[in-house]
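# Structural features, examined
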Amino acid sequence: MSKEKPGRVKSALLNWLGVPISLTTGQFWAEWQGESSSGKNVTVNSTMQLSAAWACVRLLSQTISTLPIKLYERQADGSRVAAVNHPMYRMISRRPNAEMTTARFILMIVASICLWGNAYVEKRRIGGRVVALVPLLPQCMVVKRLETGRLQYQYTENGVGRDIAEKDVMHIRGFGLDGVCGMLPVRQGRDIFGGAMSADEAAYKVFAQGMQASGILSADNTLSKEQRDALRVNLERFSSSKNAGKVMVAEAGMKYQSITMNPEAAQMLETRAFGIEEICRWFGVPPFMVGHMDKQSSWASSVEGMNLQFLTNTLRPILENIEQEIDRCLLDDDERYYVEFNVEGLLRADSAGRAAYLSTMTQNGLMSRNEGRRLENLSRVEGGDELTVQSNLVPLHLLGNAAANDSQRARAALQAWLNEPTE
């Protein structure tokens, strides 16, 4: 455990006076486990004050929360239908509890995984039946392995602890090595986040305490202590950003000499830009998606290509993790039912790509026209449920028959034309 300043220890103790503390009290000891090499105390709250970290977590959680999630039932013919009669359908697809929509529920889960490496959902029961899914704060949870091999979940809320049975917890783990809990991203990356905090603080102090005048005053004679003090008091009127641009008056033979300030040295622009890239790398988010456009992106040039790579490399692992945990914890290992996010909405920003996709699916018999119209929120049309293909796509062994039929139809049309009476 690293050595801490007395002020921090005192502050933490004041917040925990009267609360029993043990070696497993995660909330209490977390304050001493997050100090970076730069001296910054890195916590989830302080990390979220970084614009890049805020943007990455917000992008991931809000993007995934907008994707529809449905409970499906496999049919005997290999197709699927929405399992609207399943008791878990409403909680998964519509309303997990009395206070949350599915979007807010998923947003909280993804944000917990990004910041804490774990997301916990309690299954509330009435008479043995699950009636609500309530997300829990990951910082208030302690997970233990019992002698029986089962996991025990201890949750502290408002200073009161309680044990939650393993069967009543849906534990969605992020990246980890022990299989019990996900690793805490903020704690593992405390040097990255702490370095970004130090760079931001140094840049801000330039404007808060630095002199914003465009030059300096020089004198031929040595100034007395009283003169220096008076001059120092006078120069304070030109410090801070609110006094930028004021004109100083030279007296007693003083001369004004123009100086220039290197903005990259003063604001450490390169260091701060690298910090943004490091944070984006830590969360797996391309920098241009959080507004960092300094460098040429090596990603795809089209919107569809960017969304596709973002979906494949960043979102898909998170989506698959959540889907499998819901299947394992809420569907009782019934292989007929499964949960899936609908990612088609990510491609709607590219109208040309969307049109090409629907055209290909309908013209090759993979999707009916009514199914395509349903994806675009359009009403059904008469006869749109039949699968169709282009007439020129004929199997090779039927080419002769197709040619013969075309020739026969042509001869019949010609004969009918010849037999028509002339006026």
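Residues numbered from 1 in each chain as written. Predicted model: local features only at pLDDT ≥ 70, side-chain atom pairs only at ≥ 80, totals over all residues. Heavy atoms only, no water.

## Notes on the overall build of the chain
- The secondary structure content of the chain amounts to 15 helices and 11 strands.
- Each of the 423 residues in the chain was classed as buried or not, and the buried ones make up 33%.
- Looking at the chain alone, contacts between residues at least 24 apart form 59% of all its contacts between residues at least 6 apart.
- Of the accessible surface of the chain, which amounts to about 26,500 Å², a share of 53% is contributed by carbon and sulfur atoms. (Helix = DSSP H or I, 4+ residues; strand = E, 2+ residues; numbered from the N terminus. Buried < 20%, exposed > 50% of the residue type's maximum accessible area, 1.4 Å probe, protein only. Contact = heavy atoms within 4.5 Å. Areas by Shrake-Rupley, 256 points an atom, 1.4 Å probe, with all protein chains shown as cover.)

## A look at the sheet that holds strand β1 (residues 69-74)
- Taken together, the three strands give an open sheet; going across it, the order is β2-β1-β11, and neighbouring strands pair in antiparallel fashion. Two strands in the sheet have a free side with no partner beyond their single neighbour: β2 (80-82) and β11 (337-341). Here the average twist between neighbouring strands, direction ignored, is 40 degrees.
- Summarising the sheet, β1 and β11 pair through five bridges and their orientation is antiparallel. Across the sheet, residue Tyr72 finds its bridge partner in β11, namely Tyr338. (Pairing = 2+ DSSP bridges. Axes fitted to C-alpha atoms, helices over the stretch in contact; angles between N-to-C directions.)

## Points about the sheet that holds strand β5 (residues 141-145)
- Read from one edge of the open sheet, three strands run β5-β6-β7, paired in antiparallel fashion. Only two strands of the sheet have a single neighbouring strand rather than two, namely β5 and β7 (160-164). Across this sheet, the average inter-strand angle for adjacent strands is 25 degrees, counted without regard to direction.
- Relative to strand β6 (residues 151-157), β5 is paired through five bridges, and the arrangement is antiparallel. Within β6, the position partnered with Val143 by the bridge is Tyr153.

## Thoughts on unusual backbone geometry
- In the Ramachandran plot, Asn158 falls in the positive-phi region, its phi being about 55 degrees despite a non-glycine side chain.
- For Asn158, the position within the fold is in the loop between β6 and β7.

## Concerning the packing of helix α4 (residues 51-65) against helix α6 (residues 102-116)
- At a minimum axis distance of 8 Å, the contact between α4 and α6 shows a crossing angle of 145 degrees. The handedness of the crossing between α4 and α6 comes out as right-handed. Of α6, the residues touching α4 (which contributes Val57, Leu60, Ser61, Gln62, Ile64 and Ser65) are Ala103, Ile106, Leu107, Val110, Ala111, Cys114 and Leu115.
- When its residues are assigned to classes, the contact of α4 with α6 shows 10 nonpolar, three polar and no charged. (Left-handed = near helix turned anticlockwise from the far one by under 90°. Nonpolar A, V, L, I, M, F, W, Y, C, P; charged D, E, K, R; others polar.)

## Looking at α6
- In a regular helix each residue adds 1.5 Å, so 15 residues correspond to 21 Å; α6 covers 21 Å between its end C-alpha atoms and thus fits that length.
- Residues of α6 that are buried include every one of Thr102, Phe105, Ile106, Ile109, Val110, Ala111, Ser112, Ile113, Cys114 and Leu115, and no others.
- Positioned one or two residues after α6, Gly117 has a phi angle of 80 degrees, which is positive. (Expected span 1.5 Å × (residues − 1).)

## Comments concerning the pattern of salt bridges
- A complete count under the given rule lists 11 salt bridges for this structure.
- We note a salt bridge from Arg80 to Glu340, for which the minimum N-O separation is 3.1 Å. Linking Arg80 in strand β2 with Glu340 in strand β11, this pair joins segments that are 260 residues apart in sequence.
- Note that Arg125 and Asp168 form a salt bridge whose closest N and O atoms lie 2.6 Å from each other. Here the residue Arg125 occupies a position in strand β3 (residues 118-126), and Asp168 occupies one in the loop between β7 and β8 (169-173), the gap between them amounting to 43 residues.
- A relative accessible area of 33% places Arg125 in the partly exposed class.
- Look at Asp168 and you get buried, because its relative accessible area is 14%. (Salt bridge = Lys/Arg side-chain N within 4 Å of Asp/Glu carboxyl O.)

## Side note on the environment of Leu67
- Considering the arrangement of structural elements, one finds Leu67 in the loop between α4 and β1.
- Taking relative accessible area as the criterion, Leu67 reaches 5% and is therefore assigned buried.
- Not counting chain neighbours up to four residues away, the residues in contact with Leu67 comprise Leu319, Phe341, Asn342, Val343 and Leu346.

## Quick look at the confidence of the model for the chain
- Per-residue confidence for the chain averages 77 on the pLDDT scale, and 69% of its residues sit at or above 70.
- For residues 1-33, every residue scores under 50 in pLDDT, and the model assigns this stretch 36 contacts once sequence neighbours within four places are set aside. (pLDDT = per-residue confidence, 0-100.)

## Here's the deal with the side chain of Asn97
- Secondary-structure assignment places Asn97 in the loop between α5 (89-93) and α6.
- At 2.9 Å, the side chain of Asn97 forms a polar contact with the backbone nitrogen of Met100.
- Among residues more than four places away in sequence, those in contact with Asn97 are Ala132, Leu133, Val134 and Pro135. (Polar contact = N/O pair within 3.5 Å; in protein donor to acceptor, adjacent residues only side chain to side chain.)

## Some words on the packing of aromatic side chains
- Considering all chains together, one arrives at three aromatic pairs under this definition.
- Seen in terms of ring centroids, Tyr120 and Tyr153 are 6.0 Å apart; in terms of plane orientation they differ by 70 degrees. Their pairing is edge-to-face. Within this pair, whereas Tyr120 is found in strand β3, its partner Tyr153 is found in strand β6, the two being separated by 33 residues in sequence.
- Taking relative accessible area as the criterion, Tyr120 reaches 4% and is therefore assigned buried. (Phe/Tyr/Trp six-rings, centres within 6.5 Å; stacked < 30°, edge-to-face > 60°.)

## Side note on the environment of Lys40
- Note that Lys40 resides in the loop between α2 (26-29) and α3 (44-47).
- A sequence separation of 153 residues divides Lys40 from Phe193, and the C-alpha atoms of the two residues are 8.7 Å apart.

## Focus: the pairing of β8
- For β8, the buried fraction is high: five of the five residues fall into the buried class.
- With burial as the criterion, each face of β8 is covered, one bearing Val169, His171 and Arg173 and the other bearing Met170 and Ile172.

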